[in-house]
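Residue-level listing of the chains:
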Amino acid sequence: MYKISVLGSGIGYTASPAVHGAIAAATGVEIACDAVDISDADLGETVKRLFAERDGFFVTKPFKFDIGRYIGSPAFGAVNVVRSRDRAAENTDGSGFMHALDRNFVGWRDRVESALVLGAGGGAWAVTSALKAVGVNVYVLNRSAVPAAKLCAATGCELYANQKTELAVNCTSVGADGDILRSLCVIPRFEYAFDLAYRGETPFLAKCRDGGSLVANGYDMLVYQAIEGDKFLFGEAFADTERIFDKAKSILLNRK
């Protein structure tokens, strides 16, 4: 049996152990996954313990950047999965995000030239890198200018200044918490709106839907990035991403 963890702080809500359980059921590969909820001060000792006791671990807020000092150079500026045997790291958030866009917004690649990314954290780095890789112009809006400028310099995107975009992606917590960014009060109409938060329809998505956008939350992305992460950790048993997604998603929906 493979043993993995999800490492973060303030993650009592996480659905990741259930998702990995469904992936295990879908593939027939035995995986035990737990959540490790710690403070910043405990990160170093916890990483050492996970290297010794787990085959690998996934990383979520707020450690996607901090984890780099324990494993070498971060992938895409942020890391979401680490393999214990060789301390290799990857970021599967970007591929999970692209799979989710293709699943929820059929034909979007032919209609989206530019995208607005809200936020400048680990999720925003992965989303921005993935969109840039397929030729989408990306603009970043964040409450703090310095992290946004750093993201733009690293990925080749630009700061948002009311440019026309067809896709909006919320990578912040404000959509989930209900505190809509002040700038969203004059948000233009997008064809598509996506929120990385994966529990229901956030206020951000509701506002975009009311404006005529097609909307999707981050649940499919959560499942896809987990499948891609398990493939990184354990190999070709997880290579058939779409088949595993369909089976795992069905298992998860039947458990609700």
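Basis of the calculations
Residues numbered from 1 in each chain as written. Predicted model: local features only at pLDDT ≥ 70, side-chain atom pairs only at ≥ 80, totals over all residues. Heavy atoms only, no water. Helix = DSSP H or I, 4+ residues; strand = E, 2+ residues; numbered from the N terminus. Rg over C-alpha atoms; globule rule 2.2 N^0.38 Å. Buried < 20%, exposed > 50% of the residue type's maximum accessible area, 1.4 Å probe, protein only. Contact = heavy atoms within 4.5 Å. Expected span 1.5 Å × (residues − 1). Pairing = 2+ DSSP bridges. Axes fitted to C-alpha atoms, helices over the stretch in contact; angles between N-to-C directions. Parallel < 35°, antiparallel > 145°, perpendicular 65-115°, else oblique. Left-handed = near helix turned anticlockwise from the far one by under 90°.

Visitor: Looking at this model, I keep getting lost on the overall build of the protein. Mind explaining?
Guide: Within the protein one finds 11 helices and 11 strands. For the protein, whose C-alpha radius of gyration is 18 Å, the value lies close to the compact-globule estimate of 18 Å for 256 residues. When the backbone C-alpha atoms are referred to their principal axes, the protein occupies close to 50 × 40 × 30 Å. Per-residue burial for the protein yields a buried fraction of 54% across its 256 residues. Long-range pairs, those at least 24 residues apart, make up 62% of the contacts in the protein between residues at least 6 apart in sequence.

Visitor: Just to check I follow, could you spell out helix H4 (residues 93–104) for this structure?
Guide: Structurally, the α-helix is built with 3.6 residues per turn, so residues lying three or four positions apart point the same way. Under the 1.5 Å per step criterion, the end-to-end length of H4 is 16 Å for 12 residues, consistent within 8% with the ideal 16 Å. Every buried residue belonging to H4 is among Asp-93, Gly-94, Gly-96, Phe-97, Met-98, Ala-100 and Leu-101, and all of these are buried. In this structure, the buried residues of H4 make contact with helix H5 (108–111), helix H6 (122–133), strand E9 (167–170), strand E10 (192–195) and helix H10 (219–234).

Visitor: Any chance you could explain the sheet that holds E10 here in plain terms?
Guide: In any sheet, the strands associate via hydrogen bonds between backbone groups, in a parallel or an antiparallel arrangement. The strand order across the open sheet built from 6 strands is E8-E7-E6-E9-E10-E11, with neighbouring strands paired in parallel fashion. At either end of the open sheet lies a strand with only one pairing partner, and these are strand E8 (158–159) and strand E11 (214–216). Where E10 lies against E11, 3 bridges are found, and the strand directions are parallel. Opposite Tyr-192, over in E11, you have Leu-214 as the bridge partner. In the packing of helix H9 (residues 203–210) onto the sheet, the strands contacted are strand E6 (114–118), E9, E10 and E11, and the crossing angle to E10 comes to about 170°.

Visitor: Explain the side chain of Arg-83 to me, please; I cannot follow it from the model alone.
Guide: Relative to the elements of secondary structure, Arg-83 occurs in strand E4 (residues 81–83). When its relative accessible area of 13% is taken as the criterion, Arg-83 is described as buried.

Visitor: Mind showing me how you'd approach the packing of helix H1 (residues 16–27) against helix H11 (residues 241–255) here?
Guide: Helix-helix packing is described using two parameters, namely the angle between the two axes and the distance between the axes. Where H1 contacts H11, the axes come no closer than 8 Å and their chain directions differ by 120°. Here H11 runs oblique to H1, going by the angle between their axes. Here H1 runs over H11; the crossing is right-handed. Packed against H1, whose contacting residues are Ala-18, Val-19, Gly-21, Ala-22, Ile-23, Ala-25, Ala-26 and Thr-27, the element H11 presents Arg-243, Ile-244, Lys-247, Ala-248, Ile-251, Leu-252 and Arg-255 at the interface.

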